[in-house]
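Examination of the molecular architecture
The chain contents come next:
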2 protein chains.
Amino acid sequence: MKSFTLLLLILSFILYPLPSSSSSLFKHRLLRTEPSSTKQTETKISYKTKYLQQNLDHFTFNNNLPTFPQRYLLNTDHWDPSSVGPIFFYCGNEGDIVWFAQNSGFLWEIAPMFKAMLVFPEHRYYGESVPFGSKDEAYKNASTLSYLTSEQALADFAVLITYLKHNYSALLSPVVLFGGSYGGMLAAWMRLKYPHIAVGALAASAPILQFEDIIPPQTFYDIVSNDFRRESVTCFNYIKQSWDEIASRGQTNDGLVQLTRTFNFCQQLNSAEDLSGWLSSAYSYLAMVNYPYPSEFMMPLPGHPIKEVCRRIDGGPPGTSIPERIYEGVNVYYNYTGEAKCFELDDDPHGLSGWNWQACTEMVMPMSSSPDFSMFPPYEFNYSSFEEECLKEFGVKPRPKWITTEFGGHNIHATLKKFGSNIIFSNGLLDPWSGGSVLQNISESVVALVTEEGAHHIDLRASTKNDPTWLIEQRATEIKLIQGWISDHYQKNKVIFDM
Amino acid sequence: MKSFTLLLLILSFILYPLPSSSSSLFKHRLLRTEPSSTKQTETKISYKTKYLQQNLDHFTFNNNLPTFPQRYLLNTDHWDPSSVGPIFFYCGNEGDIVWFAQNSGFLWEIAPMFKAMLVFPEHRYYGESVPFGSKDEAYKNASTLSYLTSEQALADFAVLITYLKHNYSALLSPVVLFGGSYGGMLAAWMRLKYPHIAVGALAASAPILQFEDIIPPQTFYDIVSNDFRRESVTCFNYIKQSWDEIASRGQTNDGLVQLTRTFNFCQQLNSAEDLSGWLSSAYSYLAMVNYPYPSEFMMPLPGHPIKEVCRRIDGGPPGTSIPERIYEGVNVYYNYTGEAKCFELDDDPHGLSGWNWQACTEMVMPMSSSPDFSMFPPYEFNYSSFEEECLKEFGVKPRPKWITTEFGGHNIHATLKKFGSNIIFSNGLLDPWSGGSVLQNISESVVALVTEEGAHHIDLRASTKNDPTWLIEQRATEIKLIQGWISDHYQKNKVIFDM
């Protein structure tokens, strides 16, 4: 079960199982001839594309290192500099920033009301923001990749905001941070580490507690499994039974030929493990995007997609084999439009592969699959094997305790009870990442917004006419809290403004 | 006035003008045959010397970098692990840690009362905590020096505390940070950046606002000058007149021979500038250690040393030349015991030379000398010249805005009004560094303790029988505040302790 266990170890925050840049990890994806982002935009957006030269290492003074161009998208259409309008700053995640900008409709929708400047900076080593001249050079080896860390990314953001404030004579403009998933973690950490730079952060679906021993390692897959069980126990059981059946068929070449045909792959499967990885990715990502209305973040999907997956798994006529049922189900995820003629295992249209490096260095998130509650094959996280894989893949040794040393996480309620302010941790309980996030208020202004029916950072998406009441209310609460941070900022700086 | 202007630019936090490791900067010091620390200890201390291997760069994952041994001094004599006793952690400054431990009597005195573990970690690149095997190798060039930054030092502290907590089963022990001068800045920044690691910080004489344009650049030298003027206007005027007189004499070789003799140097002076630097260092450091009782932090001195300096400058019989008066005065600083037979310009017994690198990279503190209020020659800070000197000296370009980007400083009262907690900024107004520190309460628990008659982090020193009432009261307030942080920590973690 090699590829599956690796999937358990290194799972992207975004809605993709991450293909490695150079290895055979995670070769499961619908083949796309064009990136989904070009046609999935729900919000009409316009921006200027800009670049700022950044130091490759902010925390040393090595003159031999080159700088690199950080791309950022800028919109000042609604910004009112005369009234020290706010700056809304989206903390770019592990991918092309245009894609995140297109899928963060909430910011675009509220910018006019706040007269806010919008900034979408790209995370270093992703999209166009790569050092050493090209992605090939930047991703060449552990030495060139070594500057791809969250601390450096936060410092990039700090430098960029400082630069923008000077450049736009916006020294007193309050900066509000936004981010979803890994971007949400960055937003929360940025507010904690750089309180002088931003007045608050909306950290959507930000699993800042998914490290070390803070939460039980089986949390993620238990939530995915529950998402399926709540729709249909039969469906849950079919999936749970499918792994052995697939493994058993995969032991012979004939079996693999048959599985290849059943699951409609363009090329012959090399192992049952590849298929298992492809399936478990689909389930995990379905749990994340289990939105109540049709969406197209990564894949065009119906509303309540898990309900639809289970309807198809359960719905086959008597005599339908388990693999056939499973295929009908995951077709909802991989081919809801019916446009795919066949499937490929490998694809990465949004350039997310750098996450594998991050997961092998500081973003070590132990994940297991419990024999009792999970529909996935039992699996226990083993740090030694994980380390070995990372050494093999990148020649790098992870630092599994570093994130909690640098950013904390243990006992966070006591730590932040009287420290820090103005952070919203928003989470939907259907989202498997919610288990590693902050689900209870910590203080008066470090608060948790939890929705029973929400999935992965749904609140950051553009509004739709199908939005349920709880989502409309959640966004209204977020707006109110952000307004409070901004008013408070103006109040605290009243003396300065009055001068 | 080259060496004087450089003194204005790069002035150590500690009581020494810093000699550069390789250049002619700051060659002015009493020759000592043994480090002052061996005979100046006011507190009897005992400790175990330990080492922890640290990553050279915490914020990148470059496997080719070596680790280095961080030295730390540990005392567990009074620590009560059964009651989750606190850990008192002194943030080591830019020098040998033994020296700081010996001169931080306050910690040693209060440890028994708190049943605290005492930890004195050494700052990287100082004392024995040097990478690349030796100080020569570590200080070889900009490449090897590049990891000498405050962020890396804070990360060293975070890793060390985390390690100690695990190693001593002290996961729930509250950590209280202490530090004076640069160490005080580190303590304050550490509390802000690592709230999950320490519950509070006593930042004594920590000029965290001495950067960029936060305070007027003439602040430091104005305070030094005021310290002299308040003792004697005549003395102030003699000093103010002395610079021209010295410069004028220094223009001929005969004049230099005469100055060398007047000031009793072991070797012939090369320029009047060297002498001016030597003198202005003495004045600045006298202002810092203008303690109300005899002390021996760097130099054996009488109580109220500036009073004594001015008594001697003013006291010469009619006809005494200005240089002779000045010599009588600075003799108090450089040779109060009368043991020095003659003076050398160059000396660095506590290994402080790394500060020159720090000042040339991130610790850029603009300092000017105002023509109106200063007793020093007028001087205006010029960033371009400063940058040029650093490029020449180290081949490194400073980042003058980096500290405020990383740690803040502008508008700090608004920023921290509702963010952060449990920091004491203690300052004595005689200390020239007090002008760059926090002198007003920011919030209920980020507070300023200001004493009119205090000098450089006097509160961290051991108590003496001559302590004035205000000092006794200041320390009592600090103890009370620290007790409050610790009680609050126990209260917040009650659920965990009760389990």
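Conventions and cut-offs
- Residues numbered from 1 in each chain as written.
- Chains lettered and ligands numbered in written order.
- Predicted model: local features only at pLDDT ≥ 70, side-chain atom pairs only at ≥ 80, totals over all residues.
- Heavy atoms only, no water.
- Helix = DSSP H or I, 4+ residues; strand = E, 2+ residues; numbered from the N terminus.
- Buried < 20%, exposed > 50% of the residue type's maximum accessible area, 1.4 Å probe, protein only.
- Contact = heavy atoms within 4.5 Å.
- Areas by Shrake-Rupley, 256 points an atom, 1.4 Å probe, with all protein chains shown as cover.
- Least-squares fit on C-alpha atoms with pLDDT ≥ 70 in both.
- pLDDT = per-residue confidence, 0-100.
- Core = buried A, V, L, I, M, F, W, Y, C linked by side-chain atoms within 4.5 Å.
- Domains from an automatic or database assignment.
- Buried area = accessible area lost by both parts, 1.4 Å probe.
- Salt bridge = Lys/Arg side-chain N within 4 Å of Asp/Glu carboxyl O.
- Polar contact = N/O pair within 3.5 Å; in protein donor to acceptor, adjacent residues only side chain to side chain.
- Nonpolar A, V, L, I, M, F, W, Y, C, P; charged D, E, K, R; others polar.
- Pairing = 2+ DSSP bridges.
- Phe/Tyr/Trp six-rings, centres within 6.5 Å; stacked < 30°, edge-to-face > 60°.
- Axes fitted to C-alpha atoms, helices over the stretch in contact; angles between N-to-C directions.
- Parallel < 35°, antiparallel > 145°, perpendicular 65-115°, else oblique.
- Left-handed = near helix turned anticlockwise from the far one by under 90°.

**Side note on the overall build of chain A**
Of regular secondary structure, chain A possesses 20 helices and eight strands. For chain A, the proportion of its 499 residues judged to be buried stands at 66%. Pairs at least 24 residues apart make up 74% of the contacts formed inside chain A by residues separated by at least 6 positions. As presented, chain A carries roughly 17100 Å² of accessible surface, and 50% of it is formed by carbon and sulfur atoms.

**Here we look at the relation of the copies chain A and chain B**
By a simple turn and slide, chain A fits onto chain B: the slide is 0.0 Å along the axis, the RMSD is 0.1 Å, and the turn is 180 degrees. Taken together, the turn and the small shift mark the pair as related by a two-fold rotation axis. Of the interface residues in chain A, 100% have counterparts in chain B that sit at the interface too, so the contact is made through matching surfaces.

**Concerning the confidence of the model for chain A**
Residue and element names in this part refer to chain A. With 90% of its residues at a pLDDT of 70 or more, chain A has an overall mean of 89. Throughout residues 1-41 the model reports pLDDT below 50, and contacts reaching past four residues in sequence, or to other chains, amount to 166 contacts. Across the whole predicted complex the pTM is 0.92, and at the interface the ipTM reaches 0.90.

**Digging into the environment of Thr451 of chain A**
Among the structural elements, Thr451 of chain A can be located in strand S8 (residues 446-451). Not counting residues within four places of it along the chain, the set of residues in contact with Thr451 of chain A comprises Asn427, Gly428, Leu429, Trp470 and Gln474 of chain A.

**With respect to the nonpolar core**
In terms of nonpolar packing, the biggest core is built from 316 residues, with Phe88, Phe228 and Tyr283 of chain A together with Phe88, Phe228 and Tyr283 of chain B touching the most fellow members. Among residues more than four places away in sequence, those in contact with Phe228 of chain A are Cys235, Ile239, Tyr283, Leu286, Ile306, Val309, Cys310 and Met375 of chain A.

**A closer look at the domain arrangement of chain A**
All names here are of chain A. By the assigned domains, chain A splits into domain 1 (48-117 + 152-210 + 420-498) and domain 2 (217-335). Put simply, the middle of domain 1 and the middle of domain 2, counted by C-alpha atoms, are 35 Å apart. Between domain 1 and domain 2, the contact holds 24 residues from the first and 19 residues from the second. In total, about 1700 Å² of surface goes out of reach between domain 1 and domain 2, with carbon and sulfur atoms giving 67% of it. Summed over the three residues of domain 1 that lose the most area to domain 2, namely Leu430, Pro432 and Arg461, the buried surface amounts to 35% of that side. In this assembly, domain 1 and domain 2 are joined by one salt bridge. In this structure, Glu453 and Arg230 form a salt bridge, with 3.1 Å as the shortest nitrogen-oxygen distance. Summed over the shared surface of domain 1 and domain 2, the number is three residue pairs in polar contact (both at pLDDT 80 or more). When residues in the side of domain 1 that touches domain 2 are grouped by element, the largest group, three residues, is from helix H19 (residues 469-492). For the side of domain 1 that touches domain 2, the residue count by class is 11 nonpolar, eight polar and five charged.

**Thoughts on the pairing of S8 of chain A**
Residues and elements named next belong to chain A. Summarising burial for S8: five of the six residues are buried, a large majority. Pairing between strand S7 (residues 423-428) and S8: six bridges, direction parallel. Across the sheet, the residue bridging to Ser426 is Leu449, located in S8.

**Section: the packing of aromatic side chains**
Residues and elements named next belong to chain A. Applying the stated rule across the entire model yields 70 aromatic pairs over all chains. Taking the centre distance of 5.8 Å and the plane angle of 90 degrees together, the rings of Phe263 and Tyr327 count as edge-to-face. Taken together, the residues Phe263 in the loop between helix H11 (253-262) and helix H12 (272-288) and Tyr327 in helix H14 (residues 322-334) connect sequence positions 64 residues apart. Tyr327 carries the same exposure label as Phe263, and that label is buried.

**Some remarks on the packing of helix H10 (residues 233-249) of chain B against helix H14 (residues 322-334) of chain B**
Packed helix pairs are characterised by how far apart their axes lie and by the angle those axes make with each other. Residues and elements named next belong to chain B. Close contact between H10 and H14 brings their axes to 9 Å; oriented N to C, the two are set at 120 degrees. As far as their axial angle goes, H14 and H10 are oblique. Like other packed secondary-structure pairs, H10 and H14 cross with a definite hand, here left-handed. On H14, the residues touching Tyr238, Ile239, Gln241, Ser242, Glu245 and Arg249 of H10 are Ile322, Pro323, Arg325 and Ile326.

**Here we look at the interface of chain A and chain B**
Across the contact, 55 residues belong to chain A and 55 residues belong to chain B. Roughly 4600 Å² is buried in total at the junction of chain A and chain B, and carbon and sulfur atoms are behind 55% of that figure. Contact with chain B buries area across many residues of chain A, yet Phe61, Arg399 and Phe419 of chain A alone supply 19% of it, more than any other trio. Across the chain A-chain B interface, the total number found is two salt bridges. Between Asp488 of chain B and Lys418 of chain A there is a salt bridge, with its nearest N and O atoms 3.1 Å apart. One can count 29 residue pairs in polar contact (both at pLDDT 80 or more) joining chain A with chain B. Among the elements that make up the side of chain A that touches chain B, the one with the highest residue count is helix H7 (residues 150-167) of chain A (seven residues).

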